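Observations on the model geometry
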Amino acid sequence: EVLLSGTDLIKSFGPTDALEGASMLVHENEIVAILGPSGSGKSTLLHCLAGIVAPDNGVVSYRGRDLAAMTDKERSALRRTDFGFVFQFGQLVPELSCLENVALPLRLGGARRKDAEATAREWMDRIEVGHLTGKRPGEISGGQGQRVAVARALVTGPKVIFADEPTGALDSFNGEQVIRLLVDTARDTGASIVLVTHEARVAAYSDREVVVRDGKTRQVALAH
Ligand code: ADP
Ligand code: ADP
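Calculation rules
- Residues numbered from 1 in each chain as written.
- Chains lettered and ligands numbered in written order.
- Predicted model: local features only at pLDDT ≥ 70, side-chain atom pairs only at ≥ 80, totals over all residues.
- Heavy atoms only, no water.
- Helix = DSSP H or I, 4+ residues; strand = E, 2+ residues; numbered from the N terminus.
- Near = heavy atom within 4 Å.
- Polar contact = N/O pair within 3.5 Å; in protein donor to acceptor, adjacent residues only side chain to side chain.
- Areas by Shrake-Rupley, 256 points an atom, 1.4 Å probe, with all protein chains shown as cover.
- Axes fitted to C-alpha atoms, helices over the stretch in contact; angles between N-to-C directions.
- Parallel < 35°, antiparallel > 145°, perpendicular 65-115°, else oblique.
- Left-handed = near helix turned anticlockwise from the far one by under 90°.
- Contact = heavy atoms within 4.5 Å.
- Nonpolar A, V, L, I, M, F, W, Y, C, P; charged D, E, K, R; others polar.
- Buried < 20%, exposed > 50% of the residue type's maximum accessible area, 1.4 Å probe, protein only.

Per an unreviewed UniProt entry, the protein is named Putative ABC transport system ATP-binding protein, and its organism is Actinokineospora terrae.

Attention shifts here to unusual backbone geometry. Excluding glycine, most residues fall at negative phi; most peptide bonds, likewise, are trans. With a phi close to 50 degrees, Asp8 is a non-glycine residue in the positive phi region. With respect to the helices and strands, Asp8 occurs in strand β1 (residues 2-13).

Take the site of ligand 1 next. Neighbouring ligand 1 are Phe13, Thr16, Ala18, Pro37, Ser38, Gly39, Ser40, Gly41, Lys42, Ser43 and Thr44. Within the contact set of ligand 1, an oxygen atom lies 3.0 Å away from a backbone nitrogen or oxygen of Gly41. In this structure, an oxygen atom belonging to ligand 1 sits 2.8 Å away from a main-chain N or O atom of Ser43. Taking 560 Å² as the accessible area of ligand 1 by itself, protein coverage stands at 58%. For the shell around ligand 1, the elements supplying multiple residues, two or more each, are β2 (16-27) and α1 (42-49).

With that out of the way, let us pick up the packing of helix α3 (residues 98-108) against helix α5 (residues 142-154). Between α3 and α5, the shortest axis-to-axis distance is 7 Å and the interhelical angle comes to 30 degrees. By the angle between their directions, the pair α3 and α5 is classed as roughly parallel. The element α3 and its partner α5 pack so that their crossing is right-handed. Contact with α3, carried on its side by Cys98, Asn101, Val102 and Pro105, involves Val148, Ala151 and Arg152 of α5 and no other residues of that element. Partitioning the contact of α3 with α5 into residue classes produces 5 nonpolar, 1 polar and 1 charged.

Moving on, we come to α1. Think of an α-helix as turning once every 3.6 residues; residues three or four places apart then point the same way. Most of α1 sits out of view: 6 of its 8 residues are buried. Every buried residue belonging to α1 is among Lys42, Thr44, Leu45, Leu46, Cys48 and Leu49, and all of these are buried. Phi for Gly51, located one or two positions after α1, is positive at around 70 degrees.

Every residue near ligand 2 is listed here: Lys11, Gly51, Ile52, Val53, Ala54, Pro55, Leu67, Ala68, Asp72 and Arg75. Within the backbone of Gly51, an N or O atom sits 3.4 Å from a nitrogen atom of ligand 2. Here a nitrogen atom of ligand 2 and a side-chain polar atom of Arg75 are 3.4 Å apart. Bound to the protein, ligand 2 loses 57% of the 570 Å² it would expose on its own. Residue composition of the shell around ligand 2, by class: 6 nonpolar, 1 polar and 3 charged.

What follows is the structure, given as structure tokens:
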């Protein structure tokens with residue numbers, strides 16, 4: 001079952017052609033890695049699929065719904081309820097405790113503080129960062145911060161996890177832990193992952209690889 005698709009996507013930033021006809025599919029319960037050299041358009045492709053960037057041309061469709069046909073409000077609601085995001089740098093809010101950070105997506109969705117924090121605590125325990133609930137992001141290590149960011153991405157029970165270089169700022173030990181955590185949780189919850197990475201070791205956790213070169217999806221290889 002196809003969950004998410006991008007077809008013939010074109011996107012320019014001023015004179016720069018970031019995507020020049022990129023297409024890819026994400027099935028249910030599938031982990032797809034987007035590989036390619038720096039500047040080839042990987043992040044732009046991910047942002048288009050996630051409804052963060054509007055393509056100049058081409059269609060992004062989630063569960064058969066054209067993202068361009070939705071209002072901004074509908075797209076934000078979709079991002080909040082169905083999508084989770086992990087970036088290279090955790091982007092935790094420094095003024096909030098780790099627990100408050102993880103609870104934030106639920107709070108933004110209208111959940112009461114007590115309920116949001118109870119769910120956040122469960123996820124932090126599950127990901128083995130339960131001991132960090134009271135800490136602020138500045139007081140923990142990069143690897144711990146990325147695990148907290150993973151908990152935050154998962155707390156709403158997303159159907160698709162968008163991970164843009166989630167291990168890019170980590171050493172290989174912590175990187176391995178974070179990618180395993182993402183993959184194991186996705187398998188447990190039935191979520192799909194769209195994973196941008198330039199590390200073959202990280203891409204090896206995917207079911208399928210899409211290679212982007214010069215803004216085009218040149219090769220769609222069956223992996224592993
Ligand atoms: P990758 O993720 O493969 O490194 P990106 O999708 O980030 O590639 O970028 C593709 C091209 O588009 C690059 O030349 C980049 O500089 C450019 N680009 C990406 N985002 C923007 C932006 N917001 N403004 C201007 N140029 C951008
Ligand atoms: P800009 O047009 O300044 O480059 P973006 O391309 O990032 O900015 O997005 C412009 C607007 O289009 C944003 O408000 C965004 O919410 C909305 N948008 C995002 N994804 C899509 C999409 N797939 N189709 C149509 N509009 C989208």
